[in-house]
Amino acid sequence: MDIKRNILLNPGPATTTDTVKMAQVVPDICPREKEFANLMKDLRKDLVRIAHGDPEKDTAVLFCGSGTINIDICLNSLLPEGKKIMIVNNGAYSSRAVEVCEYYGLPYINLKQDIFTTPDLLEVEKTLEQNPDVALVYTTHHETGTGLLNPIRQIGELAHRFGATFVVDTTSSLGMIPFDLHKDNVDFCMASAQKGLMAMSGLSFIIGDKELIERSKDYPKRSYYCNLYLQYSFFEKTGEMHFTPPVQVVYALRQAIKEYFEEGEENKFARHARVNRAIHEGIEKLGLDYVIDKDKESGLVVSVKYPNLPQWDFNKVHDYCFERGFTIYPGKISTTDTFRLCSLGAIDVNDIEDFFVVFEEALNESRINTPLK
Ligand SMILES: *Cc1c(COP(=O)(O)O)cnc(C)c1O
């Protein structure tokens, strides 16, 4: 079968290999069969390995849903009675966590920070000092809306110094840049299959400390479908998800993880880095500007300012590129108009070179002369 190859420069779902796409075409199987439970068992072990967790102490709990389900689950399940959450918030994804707290009526501190740079660690420390009832510190590793990378190791160190559990949204970083659950002082990280692991959307997972999950057994129960302990205990008892898993998506993830280990962590990180460099080179050659300093950027998302020209029309440029197999994506910043070019997925430097040919054509089609500077 010949499947058209699209280059997705949006922040996930990412471009997948054909072998991952085709891995979904399997004989029908009831997910309550032992064969399927064994597959899930290996998958969970591999996910702990990818996060550099401890196979004895840590576990991976899978859920059917997009990445946001993990944010919901961690926040509603891991907060003891009478305690507070502190969200170190410098972007759209940590703001989403604030919204989750709002929806559940959870007590929280929204430690709002400048979205264009890393958080003020002294303020984090001071807030923890003044609020001994904070039991859960939450932040986002890579703020996908801007491309900013947060100093989670330092925030985690502070959280632990004040006796809090540290939960990090690693959805857009895990499997693409270095991350180590323990060295980075993280108790729970999270991601979904369609981002760093280059599989299909619909399957998400939380990786972290078994003991902390067991301890949450008696915490207030705020959701049924989205309770971490309930899903974990079902996995431990039966090896299966509590409710119907996305069967074919699980097969695709299994294939993607096989390819992950075949490519090798170091090689994969190096590939994403060179794709990111090629994006920077292309943008600089065209004379466009960034919003995040390069030394604060994740190396996975480049946020580009809209050219300050009346002819510039994002949708027009987007459509021109889309028709030719390249997807670009708007930014997620309310104060500045940006678009994003991401280096997720099964792509390499030659794809970026091909993209910039088309992108420059699109600009010229809009009567924008290049380079702009
Ligand atoms: C993609 C992403 C999510 C999940 O978004 P969904 O639309 O639910 O898949 C969560 N956090 C971050 C940082 C992300 O990049």
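Before reading on, note that the structure itself is shown above.
Note that this is a predicted model, so its numbers are computed, not measured. Counting restarts for each chain: residues are numbered from 1 in the order of the written sequence. Whole-chain, interface and lining totals are the exception, using all residues; otherwise, since this is a predicted model, local features are given only for residues with pLDDT of at least 70 and side-chain atom pairs are given and counted only at 80 or more. Here the side-chain values reflect all heavy atoms present in the structure, with hydrogen atoms and water set aside.

Right, let's talk about the overall build of the protein chain for a bit. Strands here mean DSSP runs of E at least two residues long; helices mean DSSP runs of H or I at least four residues long; both are numbered from the N terminus. When its secondary structure is counted, the protein chain shows 12 helices and 14 strands. With C-alpha atoms as the basis for the radius of gyration, the globule rule is written as 2.2 Å multiplied by the number of residues raised to the power 0.38. Computed over its C-alpha atoms, the radius of gyration of the protein chain comes to 21 Å, within 12% of the 21 Å expected for a compact globule of 373 residues. For the protein chain, the C-alpha atoms occupy an extent of roughly 65 × 55 × 35 Å along the three principal directions. Accessible area is worked out with a 1.4 Å probe on protein chains only. A residue is then buried under 20% of its type maximum, exposed over 50%, and partly exposed in between. When the 373 residues of the protein chain are sorted by exposure, 57% land in the buried category. Pairs at least 24 residues apart make up 72% of the contacts formed inside the protein chain by residues separated by at least 6 positions. Of the side-chain charges in the protein chain, 41 are positive and 54 negative, and the distance between the mean point of each set is 2 Å. We call two residues contacting when some pair of their heavy atoms lies within 4.5 Å. A residue counts as positive if it is Lys or Arg and as negative if it is Asp or Glu; His and the chain ends are not included. Taken as the charge centre is NZ of Lys, CZ of Arg, CG of Asp or CD of Glu, depending on the residue.

With that settled, consider the pattern of salt bridges. By definition here, a salt bridge exists when the distance from a side-chain nitrogen of Lys or Arg to a carboxyl oxygen of Asp or Glu is within 4 Å. Under the defined criterion, the tally for this structure stands at 15 salt bridges. In this structure, the salt-bridge partner of Glu-236 is Arg-44, at a minimum N-O distance of 3.1 Å. Of this pair, Glu-236 sits in helix H8 (residues 228-238) while Arg-44 is found in helix H2 (residues 34-50), placing the two residues 192 residues apart along the sequence. Since its relative accessible area comes to 41%, Glu-236 is described here as partly exposed. Taking relative accessible area as the criterion, Arg-44 reaches 12% and is therefore assigned buried. The residue Glu-157 makes a salt bridge to Arg-161 at a minimum N-O spacing of 3.3 Å. Here the residue Glu-157 and the residue Arg-161 both occupy positions in helix H6 (residues 152-161), the gap between them amounting to four residues, near one helical turn. Assessed through its relative accessible area of 39%, Glu-157 is described here as partly exposed.

By this rule the span expected of a helix is its residue count minus one, scaled by 1.5 Å. The terminal C-alpha atoms of H2 lie 24 Å apart, and with 17 residues this matches the ideal 24 Å at 1.5 Å per residue to within 8%. Within the sequence span of H2, burial applies to Phe-36, Ala-37, Leu-39, Met-40, Leu-43, Arg-44, Leu-47, Val-48 and Ile-50. Residues of H2 that are buried make contact with strand E2 (58-64), strand E10 (203-209), H8, helix H9 (247-263) and helix H10 (265-286).

This part is about unusual backbone geometry. For the peptide bond that leads from Gly-12 to Pro-13, omega is -5°, which places it in the cis range. By secondary structure assignment, the location of Pro-13 is in the loop between strand E1 (7-8) and helix H1 (18-22). Geometrically, the link from Thr-370 to Pro-371 is a cis peptide bond, its omega value of -10° lying close to zero. As for its position among the elements, Pro-371 is in the segment after helix H12 (349-365). In this structure, Asn-185 is a non-glycine residue whose phi angle is positive, near 60°. Among the secondary structure elements, Asn-185 is positioned in the loop between strand E8 (165-169) and strand E9 (188-192). One non-glycine residue, Arg-367, lies in positive phi territory at about 60°. Residue Arg-367 is classed as exposed on the basis of its relative accessible area, which comes to 60%.

Once that is clear, we can look at the site of the ligand. Summary of the distance rule: residues count as near a molecule or strand when at least one heavy atom falls within 4 Å of that molecule or strand. Taken together, 13 residues sit near the ligand, with Ser-66, Thr-68, Thr-144, Asp-169 and Lys-195 positioned nearest. Two N or O atoms form a polar contact when they lie within 3.5 Å of each other; inside protein one atom must be a possible hydrogen donor and the other a possible acceptor, and for residues adjacent in sequence the pair counts only when both atoms belong to side chains. For the ligand, an oxygen atom lies 3.2 Å from a polar atom in the backbone of Gly-67. Note that an oxygen atom of the ligand is positioned 3.5 Å from one of the side-chain N or O atoms of Arg-96. All amino acids are sorted into three groups, where Ala, Val, Leu, Ile, Met, Phe, Trp, Tyr, Cys and Pro are nonpolar, Asp, Glu, Lys and Arg are charged, and the leftover types, Gly among them, are polar. Considering only residue class, the shell around the ligand consists of one nonpolar, nine polar and three charged.

Contact geometry of helix H11 (residues 314-323) with H12 gives a least axis separation of 9 Å together with a crossing angle of 140°. Of the possible angle classes, the one that applies to H11 and H12 is oblique. Judged by the twist between their axes, the crossing of H11 over H12 is right-handed. For the pair H11 and H12, contact is made by Val-317, Tyr-320 and Cys-321 and by Phe-355, Val-358, Phe-359, Glu-361, Ala-362, Leu-363 and Glu-365, respectively. The class makeup of the residues in the contact of H11 with H12 is eight nonpolar, no polar and two charged. Axis lines are fitted to C-alpha atoms, over the contacting stretch for helices. Their N-to-C directions set the angle, which ranges from 0 to 180 degrees. Put simply, angles under 35 degrees are roughly parallel, angles over 145 are roughly antiparallel, angles from 65 to 115 are roughly perpendicular, and the rest are oblique. Crossing handedness: left-handed means the near helix sits turned counterclockwise from the far one by under a right angle, and right-handed means the same turn made clockwise.

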